[in-house]
Amino acid sequence: QVQLVESGGGLVQAGDSLRLSCAASGRTFSSRHMGWFRQAPGKEREFVARISGGGGNTYYGDSVKGRFTISRDNAKNTVYLQMNSLKPEDTAVYYCTMFRLGTTVGDYWGQGTQVTVSS
């Protein structure tokens, strides 16, 4: 069983930066794609970013391209989301996920961390 624990959320002002972390348990971390999704009140869950097992390939949702950066440290079993130039519309609960092998489906999910961006 894999457990994912997010941290780093908080309340910031528009234009600020924030870094989220997701620590994973288990021995399969380095072989699995990891990613971030977010969900704002009243909206569907939205894809934010994804990173391959070795970290060489990254993918982003259109709304965060150029502002957010996903990275990982396999020695620490941790994936990060650096969020720059934050906007009020980035306000959401951010969830870390470990993708099912060979798919775009999240297999394991964290409990979520709240990010609130004030204008």
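This text goes with the structure placed above it.
Residues numbered from 1 in each chain as written. Predicted model: local features only at pLDDT ≥ 70, side-chain atom pairs only at ≥ 80, totals over all residues. Heavy atoms only, no water.

## Considering the nonpolar core
Nonpolar side chains tend to gather and get buried jointly when the protein is soluble and globular.
Okay, step 1: Met34, Trp36, Val79, Leu81, Met83 and Tyr94 are the most contacted members of the largest nonpolar core, which totals 27 residues.
Okay, step 2: Elements that contribute at least two residues to this core include exactly strand 3 (18-24), strand 4 (34-39), strand 5 (46-51), strand 7 (68-73), strand 8 (78-83), strand 9 (92-99) and strand 11 (113-118).
Okay, step 3: Apart from the residues within four sequence positions on either side, Met83 is in contact with Asp16, Ser17, Leu18, Leu20, Arg67, Phe68, Tyr94 and Val115. (Core = buried A, V, L, I, M, F, W, Y, C linked by side-chain atoms within 4.5 Å. Buried < 20%, exposed > 50% of the residue type's maximum accessible area, 1.4 Å probe, protein only. Helix = DSSP H or I, 4+ residues; strand = E, 2+ residues; numbered from the N terminus. Contact = heavy atoms within 4.5 Å.)

## Some details on the sheet that holds strand 3
Okay, step 1: Taken together, 4 strands build an open sheet; the order of strands is 1-3-8-7 and the sheet is antiparallel. Pairing within the sheet leaves two strands with one partner each, and these edge strands are strand 1 (4-7) and strand 7. Taken over all neighbouring pairs, the strand axes of this sheet differ in orientation by 15 degrees on average, direction set aside.
Okay, step 2: Pairing between strand 3 and strand 8: 6 bridges, direction antiparallel. (Pairing = 2+ DSSP bridges. Axes fitted to C-alpha atoms, helices over the stretch in contact; angles between N-to-C directions.)

## Points about the side chain of Arg32
Okay, step 1: With respect to the helices, strands and loops of the structure, Arg32 is situated in the loop between strand 3 and strand 4.
Okay, step 2: A polar contact of 2.9 Å, which involves the side chain of Arg32, links it to the side chain of Asp107.
Okay, step 3: Aside from chain neighbours lying at most four places away, what touches Arg32 is Gly53, Arg72, Met98, Phe99, Arg100, Leu101, Asp107 and Tyr108. (Polar contact = N/O pair within 3.5 Å; in protein donor to acceptor, adjacent residues only side chain to side chain.)

## Quick word on the pattern of salt bridges
Okay, step 1: Inspection of every chain in the model, using the stated rule, returns 6 salt bridges.
Okay, step 2: Residue Asp62 is joined to Lys65 by a salt bridge in which the shortest nitrogen-to-oxygen separation is 3.2 Å. Of the two residues, Asp62 and Lys65, both sit in the exposed class.
Okay, step 3: With a shortest N-O distance of 3.4 Å, Asp107 and Arg100 are connected by a salt bridge.
Okay, step 4: Residue Arg100 is classed as partly exposed on the basis of its relative accessible area of 41%.
Okay, step 5: Taken together, the shared-partner salt bridges connect Arg38, Glu46, Arg67 and Asp90 into one network. (Salt bridge = Lys/Arg side-chain N within 4 Å of Asp/Glu carboxyl O.)

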